[in-house]
Amino acid sequence: MSVTQYSLAYLAEFIGAELRGDDSLQIQGIATLQNAGADQLSFLANPAYEKYLPETRAGAVIVHARFADKCPTNALIHENPYLAYAKLSHLWEKRCSVDSQSTQIHPSAVVDPKAVLESGVLISAGAVIAAGVVIKQGVVVGANCVIGEDCVIGENTRLSANVTLYHGVSLGKRCIIHSGVVIGSDGFGFAPVNGQWVKIAQLGGVIIEDNVEIGANTTIDRGALDDTVIEQGVILDNQIQVAHNVRIGQNTAIAACSAIAGSTVIGRNCIIGGASGIAGHLTIADGVHITAMTMVIKSLTEPGVYSSGTGVQPNSKWRKSIARLRQLDKMADRIKRLEQAIQENNPQPAKDE
Amino acid sequence: MSVTQYSLAYLAEFIGAELRGDDSLQIQGIATLQNAGADQLSFLANPAYEKYLPETRAGAVIVHARFADKCPTNALIHENPYLAYAKLSHLWEKRCSVDSQSTQIHPSAVVDPKAVLESGVLISAGAVIAAGVVIKQGVVVGANCVIGEDCVIGENTRLSANVTLYHGVSLGKRCIIHSGVVIGSDGFGFAPVNGQWVKIAQLGGVIIEDNVEIGANTTIDRGALDDTVIEQGVILDNQIQVAHNVRIGQNTAIAACSAIAGSTVIGRNCIIGGASGIAGHLTIADGVHITAMTMVIKSLTEPGVYSSGTGVQPNSKWRKSIARLRQLDKMADRIKRLEQAIQENNPQPAKDE
Amino acid sequence: MSVTQYSLAYLAEFIGAELRGDDSLQIQGIATLQNAGADQLSFLANPAYEKYLPETRAGAVIVHARFADKCPTNALIHENPYLAYAKLSHLWEKRCSVDSQSTQIHPSAVVDPKAVLESGVLISAGAVIAAGVVIKQGVVVGANCVIGEDCVIGENTRLSANVTLYHGVSLGKRCIIHSGVVIGSDGFGFAPVNGQWVKIAQLGGVIIEDNVEIGANTTIDRGALDDTVIEQGVILDNQIQVAHNVRIGQNTAIAACSAIAGSTVIGRNCIIGGASGIAGHLTIADGVHITAMTMVIKSLTEPGVYSSGTGVQPNSKWRKSIARLRQLDKMADRIKRLEQAIQENNPQPAKDE
């Protein structure tokens, strides 16, 4: 197996770092401070890991200037070591390559003659591309993906294996869509009549703007009449549910297993912790941060950090807490009666609540 | 692209509405009151949207009789505008058509010679149909679906792309199964022995009755010995988990990301909010409504609305609430001591709790 | 259809049970005490079902010695009837058979010439196997699975249909991977810079050890630098999310819809209830039992049972509980003032809290 390696000089220039040490050292990968070897690069971003710096056997470490003197090996001094690491990480990423000059369609893929594929596109084995689809340059469609009628996939977007797009889904440029993702399935819309449900055809589409990443097995429903919209720069983790007519604002990040109910509008630059639920028809302001497993049942109109839930306790204590929670009404009554009794015994007025 | 259009007269008759206005007007689609144009139809169902009625530019609006006089354009007067909209919506739905006279099997599909396909069936590219499968008239099997041995798929049921049915799954008539759905995977059954788990083969099947819709990436496990059963008219949203031997009663609706643990029986006409969890071996009565993110850990034997959880708060207030929740036992003790002190100071008896 | 049947004598020997009754009786399957017929076997494991024993029409029942005299039919006496049932259940399981002498590759499967397949392997229709993959003896790859570059799949492991493995995933021996599972998708790692997110390439892999079962639509992300690891004997239910760099210890069981955030380490022999969430960078000790829907936001360093959440209530009572929860701070203040008032009225000191 061939090894991908770069000189420290190259890496320093790549991230715009000041290099203190041996600029000809060849680096073959990235690892943590604890695990890196002499041919690997590491980084110190989280102060909690400073303790590992003196003992590291890394060939070089990306550090902030204030740690440079404590670095026992070659140092790449950078204002934002975590960002520098993020940029360098892609040098060692394994990705299928796309030939920008030609289009490669695996013989087992099924591409409708009425689909339009630009040059420099890779269609993997078993993929199925329907009529009216437009696939732009640099797109990779993974094995066994299914792309429905009239979808548009923007330049350099990559779909991993087993992604499903229903008809009329639009993906922007440089998106990354992970396996098992379903985009454009019907929103959950039904009219009740005589105890039964009459399905409402979901006539809207889904628009995913540029630079969006969508994690494995996440589902995004098509709109009922208007479109469901994911704005540019949004990052969605795995197993997220986005219902019909939701809009998620630019650069918002949502952690795994969260669910957004229908027609809710989430602002820009929000951070939503994992397994949170946001009810339908709400508005979440820009810059809202919701901690994990929060139940959001009203609009949040101001930026800030929001939470709900009761954290973990030993089961025996939890049982007591829960029992007491149900007695709160009675406790409040008892306090009120005590206050009245005190008042009667003691004519000087107690301070008002 | 061809345009699908209908005259107002046709639409009025289709839904059984009284038409006030130009019966020859050609309608090309449906949109919201805010967005509809002169060739589109809209509807007023939710009173919260009444404010948009005077300004709408829709070509026509479906309204209840009491709003007819306020409708600034052609009116389709109907007792249940939402239901009327539901019915009309299907006129503009894009669906692959099935030729009822012949069966179309894409050349890349793999159909076992021992599968039985009635006429008027569409098997899409890359689908795999195992031995013993019976597919009835009007069924559509989406691209890259996998149908296991001895499954039966009822008339006019539609499977979107990338659906997986394990062996021995029975689907009724007119069901809609969305992409990424898995039906018939093994229930989570293991016997503990010496700190390890011995798998229990899951020998039951799954029965999905008629007119059931199942949302994207929902999973329904096969039974351990008896079958898992979804009764007719049930609607399941995306990413729901239905464990082995669950039974869900007729016309019950379950919103996204809910989980139903093993052997629980849910009644008819229940509504279960999103991201709810229902523990195993419980019984939920007919007509129960569970709000979103509720934790159901006991049977609910009466119809009604049920909830749990603590709604969202600013993080700083939430931290205090949670801390106080854990002090409730102490608070209760303090109240008790206060009551005793009052009692000692004041021989007149306080009212009993 | 042929019938699989075994004599009671054979079954008794198979599980090491003492047989009281007709050893030549032919048994054709397993069923519950309530449903079993004269040619079926049943078992009594849960004392709650003892009431069904006297009336059972089963041909034979596996019972503990203490119930032997109450068994109205042939008895298989065993110390652990549930385990005995678990073992017997596999006799009636329907599984595709693998020919240990030859390798069967369906003509529609796409196997890269640089993949290595041992003999006795079954590759189903539409499966796609990339270069560098190693598939050991006895492995079954289901229809339309996609196996990325350089994966290794250990002896006798079975992948159901529509499983996706990204590159560099290692599966141990005798694992069972259900449909819709995605292993090796990118961890959710991004560096924030100027309100945008810079993706961090996920360079680690995923290691699944021997005897692991993974439920339908579960997702397991690859590590950022080190690997994500699922140790031997772990059982994961459906729709679980395992983030990057998580480690799950031997024989731990996790129920459906739980989510484990990044870098958390879960010990051995834990039991984690459904729809639980465990925050990132935590440590969960061996032998921890977490009840369903628990929010774990701190490490649990001692074995024991842990819980959180507020159980279901009628909605009207829940609304009061929640309102009171938010008044707890004020209630605490009122109690404090009452204590002060009592103190002032009554110079004998009240007992301290």
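This text goes with the structure placed above it.
What comes next concerns the included structure. (Residues numbered from 1 in each chain as written. Chains lettered and ligands numbered in written order. Predicted model: local features only at pLDDT ≥ 70, side-chain atom pairs only at ≥ 80, totals over all residues. Heavy atoms only, no water.)

The next subject is the sheet that holds strand E36 (residues 283-284) of chain C. All names here are of chain C. Read across the open sheet, the nine strands follow the order E10-E13-E16-E19-E24-E27-E30-E33-E36; overall the sheet is parallel. The two strands at the open ends of the sheet, each matched to only one other strand, are strand E10 (116-117) and E36. With two bridges joining them, strand E33 (residues 265-266) and E36 adopt parallel strand pairing. Of the residues in E36, the one forming a bridge with Ile-266 is Ile-284. (Pairing = 2+ DSSP bridges. Helix = DSSP H or I, 4+ residues; strand = E, 2+ residues; numbered from the N terminus.)

What follows covers the relation of the copies chain B and chain A. The transform that puts chain B on chain A rotates by 120° and translates by 0.0 Å along the axis, for an RMSD of 0.1 Å. The superposition operator between the copies reduces to a three-fold rotation axis. (Least-squares fit on C-alpha atoms with pLDDT ≥ 70 in both.)

Attention now goes to the packing of aromatic side chains. All names here are of chain A. As enumerated under the stated definition, the model contains 24 aromatic pairs over all chains in all. Ring geometry for Tyr-82 versus Tyr-85: centroids 5.8 Å apart, planes at 55°, classification tilted. Here Tyr-85 and Tyr-82 lie together in helix H2 (residues 81-89), a separation of three residues that amounts to about one turn. On the basis of relative accessible area, Tyr-85 is assigned to the buried category, the value being 4%. Taken together, a centroid distance of 5.2 Å and an interplanar angle of 70° make the contact between Phe-188 and Phe-190 edge-to-face. Classification of Phe-188 as partly exposed rests on a relative accessible area of 23%. Overall, the relative accessible area of 10% leaves Phe-190 in the buried class. (Phe/Tyr/Trp six-rings, centres within 6.5 Å; stacked < 30°, edge-to-face > 60°. Buried < 20%, exposed > 50% of the residue type's maximum accessible area, 1.4 Å probe, protein only.)

All right, on to the environment of Cys257(A) then. With respect to the secondary-structure elements, Cys257(A) resides in the loop between strand E31 (253-254) and strand E32 (259-260). Sequence separation between Cys257(A) and Ala275(A) is 18 residues; the distance between their C-alpha atoms is 4.5 Å. Setting aside anything within four residues of it in sequence, one finds Cys257(A) in contact with Asn238(A), Gln239(A), Ile240(A), Ala275(A), Ser276(A), Gln241(C) and Ala259(C). (Contact = heavy atoms within 4.5 Å.)

Residues and elements named next belong to chain A. Bridging between strand E18 (residues 164-165) and strand E21 (residues 182-185) involves two bridges; their strand directions are parallel. When the sheet's bridge partners are listed, Thr-164 is paired in E21 with Val-182. Note that E21 and strand E26 (residues 219-221) share three bridges and pair parallel. Directly across from Val-182, in E26, lies its bridge partner Thr-219.

This part is about the environment of Asn238(B). Topologically, Asn238(B) is positioned in the loop between strand E28 (235-236) and strand E29 (241-242). Residue class for Asn238(B) comes out buried when judged on its relative accessible area of 1%. Sequence spacing of Asn238(B) and Gly215(B) is 23 residues, and the spatial spacing of their C-alpha atoms is 4.0 Å. Leaving out residues up to four positions away in the same chain, Asn238(B) has contacts with Ser185(A), Thr219(A), Asp221(A), Gln241(A), Gly215(B), Ala216(B), Thr218(B), Ala256(B) and Cys257(B). At a separation of 2.8 Å, a polar atom in the side chain of Asn238(B) contacts the side chain of Asp221(A). Side chain to side chain, Asn238(B) and Gln241(A) meet in a polar contact 2.9 Å long. (Polar contact = N/O pair within 3.5 Å; in protein donor to acceptor, adjacent residues only side chain to side chain.)

On to the interface of chain B and chain A, then. With 75 residues of chain B at the interface, the matching set in chain A holds 76 residues. Summed over both sides, the interface of chain B with chain A buries roughly 6,100 Å², with 62% coming from carbon and sulfur. When residues of chain B are sorted by the area they lose upon contact with chain A, Met293(B), Val312(B) and Arg326(B) head the list and together hold 11% of the total. Applying the counting rule to chain B against chain A returns three salt bridges. Notably, a salt bridge pairs Lys199(A) with Glu213(B), separated by 2.8 Å at the nearest N-O pair. (Buried area = accessible area lost by both parts, 1.4 Å probe. Salt bridge = Lys/Arg side-chain N within 4 Å of Asp/Glu carboxyl O.)

Turning our attention to the sheet that holds strand E24 (residues 206-208) of chain B. Residue and element names in this part refer to chain B. Across the sheet, which stays open at both edges, the nine strands sit in the order E10-E13-E16-E19-E24-E27-E30-E33-E36 with parallel pairing between neighbours. Where the open sheet ends on each side, the last strands, each with one partner, are strand E10 (116-117) and strand E36 (283-284). Here strand E16 (residues 152-153) runs beside strand E19 (residues 169-171); their pairing, made up of two bridges, is parallel. Paired with Ile-153 across the strands is Leu-171, a residue of E19.

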